[in-house]
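# Per-entry structural report
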Amino acid sequence: MGEIKFAIAITMIALFSIAIIGFAVKFGDVNDAQVKLGDDEGFVDASADINQSMKDLSVAVNSSMADFSSSTANPGDDVSTSGQQFKVTLPSLIGVTISTLKTGYEKIFGSDSEFGIFLTALFFLIGFLALRYAYKSWFGKNPD
Amino acid sequence: MHIKVGLVKTLIKMALYNIPNMTGGLDNTIQEIAREVPAFPIGILLFVFGVVFLGGITTQKRRSGFYDSPMWSVIASTSTLLVALLFTLVSGIIDLLTLGVVAAVTIFSGVWLYLSKGRGEI
């Protein structure tokens, strides 16, 4: 799984989460259900966070692409000195996954669960993968 | 249960729970069973998930030689979510916590699918 596929996967996770939560909430509202997922503040807040994160990402990517379009490369240039394009996409996407998984995790295991290390380890793994992919895309090699 | 009434030993067969009124419709039947046995709706949801998940991977393995667990997990959890949403239309079958857990499992299945290194299907 390369950087692009990884970014697509995270984005699809965000869209899938929004679709599932949105469908469940709307199902309860439209059918006047007795038990509504919309009454659960955790899911509603998570869905709003993901929506906002995707909007922020869209604005950031548009800005980054505008900068990239206007940039020039001089002969002998190997890599960009700032790596701004990698700082926009992957780290921004991680926040989407965290808000999604944290809500679901707390529903299953509870907020003060002793299995909290599971979620911590998962976040670390996703962040670690994102940084590795960004470095490899930036420098064209694995970190030393 | 055996009850001694005088010198007569009477055998009374008792059900584990009060038998529901089957003439009130399927939703009423499930509702009454859920009131007597609160774990019953959760058991139905687990049954739906297990049938779709295990049936799916078994059939795919037999037909194609491999199985895609994350994909069948998403299909099974989505099916379970749909059944759980139908249970929410009537009060007294499942509560908000159960619905939240089912939704969380569905989202986790999606995370598993999209982060898994499949055979290039997605």
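Values in this document were obtained by computation on a predicted structure and should not be read as measured data.

### Topic: a nonpolar patch on the surface
On the surface, a cluster of nonpolar side chains totalling about 380 Å² of accessible area is made up of Ile4, Ile8, Met12 and Leu15 of chain A. Here isoleucine 4 of chain A is to be found in helix H1 (residues 3-30).

### As for the confidence of the model for chain A
Averaged over all residues, the pLDDT of chain A equals 75, while 69% of them reach at least 70. The spread of mean pLDDT over the elements of chain A runs between helix H3 (residues 84-109) of chain A, the lowest at 69, and H1 of chain A, the highest at 84.

### Notes on the environment of threonine 106 of chain B
Here threonine 106 of chain B is to be found in helix H4 (residues 96-115). On a C-alpha basis, the gap between threonine 106 of chain B and valine 83 of chain B in space is 13 Å, while along the polypeptide they are 23 residues apart. Sequence-distant contacts of threonine 106 of chain B, that is, excluding residues within four places in its chain, are made with Phe16 and Ile20 of chain A together with Ser77, Thr78 and Leu81 of chain B. Of the polar contacts made by the side chain of threonine 106 of chain B, one reaches the backbone oxygen of serine 77 of chain B; its length is 3.3 Å.

### Digging into helix H3 (residues 69-87) of chain B
In this model, H3 of chain B (19 residues) spans 27 Å end to end at C-alpha, consistent with the 27 Å of a helix rising 1.5 Å per residue. Where H3 of chain B is concerned, the buried positions are Ser69, Pro70, Ser73, Val74, Ala76, Ser77, Thr80, Leu81, Ala84, Leu85 and Phe87 of chain B.

### Some details on the packing of H3 of chain B against H4 of chain B
Residue and element names in this part refer to chain B. H4 packs onto H3 with a crossing angle of 160° between their chain directions and a minimal axis gap of 8 Å. Relative to H4, the element H3 is oriented roughly antiparallel. As for how H3 packs across H4, the hand of that crossing is left-handed. Each of Ser69, Pro70, Met71, Ser73, Val74, Ser77, Thr78, Thr80, Leu81, Ala84 and Leu85 in H3 lies in contact with H4, whose residues at this interface are Leu99, Val102, Ala103, Val105, Thr106, Ser109, Gly110, Trp112 and Leu113. Residue classes in the contact of H3 with H4 are distributed as 12 nonpolar, eight polar and no charged.

### Brief notes about the packing of aromatic side chains
As enumerated under the stated definition, the model contains three aromatic pairs over all chains in all. With a centroid separation of 6.1 Å and an interplanar angle of 70°, the aromatic rings of phenylalanine 16 of chain A and tyrosine 114 of chain B are classed as edge-to-face. Here phenylalanine 16 of chain A is found in helix H1, whereas its partner tyrosine 114 of chain B is found in helix H4 on a different chain. Judged by relative accessible area, which is 14%, phenylalanine 16 of chain A ranks as buried.

### Brief notes about the interface of chain B and chain A
If you look at the interface, chain B gives 29 residues, while chain A gives 30 residues. Roughly 2500 Å² is buried in total at the junction of chain B and chain A, and carbon and sulfur atoms are behind 84% of that figure. Looking only at chain B, the three residues that lose the most surface to chain A are Ile107, Phe108 and Tyr114 of chain B, adding up to 26% of its buried area. Our count for the chain B to chain A interface comes out at zero salt bridges. Our count for the chain B to chain A interface comes out at two residue pairs in polar contact (both at pLDDT 80 or more). Counting residues per element, the side of chain B that touches chain A draws most heavily on H4 of chain B, which supplies 15 residues. Split into classes, the residues belonging to the side of chain B that touches chain A amount to 21 nonpolar, six polar and two charged.

Procedures and definitions
- Residues numbered from 1 in each chain as written.
- Chains lettered and ligands numbered in written order.
- Predicted model: local features only at pLDDT ≥ 70, side-chain atom pairs only at ≥ 80, totals over all residues.
- Heavy atoms only, no water.
- Patch = residues over 30% accessible without salt bridge, like charges linked within 9 Å, V, L, I, M, F, W, Y side chains within 5 Å.
- Areas by Shrake-Rupley, 256 points an atom, 1.4 Å probe, with all protein chains shown as cover.
- Salt bridge = Lys/Arg side-chain N within 4 Å of Asp/Glu carboxyl O.
- Helix = DSSP H or I, 4+ residues; strand = E, 2+ residues; numbered from the N terminus.
- pLDDT = per-residue confidence, 0-100.
- Contact = heavy atoms within 4.5 Å.
- Polar contact = N/O pair within 3.5 Å; in protein donor to acceptor, adjacent residues only side chain to side chain.
- Expected span 1.5 Å × (residues − 1).
- Buried < 20%, exposed > 50% of the residue type's maximum accessible area, 1.4 Å probe, protein only.
- Axes fitted to C-alpha atoms, helices over the stretch in contact; angles between N-to-C directions.
- Parallel < 35°, antiparallel > 145°, perpendicular 65-115°, else oblique.
- Left-handed = near helix turned anticlockwise from the far one by under 90°.
- Nonpolar A, V, L, I, M, F, W, Y, C, P; charged D, E, K, R; others polar.
- Phe/Tyr/Trp six-rings, centres within 6.5 Å; stacked < 30°, edge-to-face > 60°.
- Buried area = accessible area lost by both parts, 1.4 Å probe.

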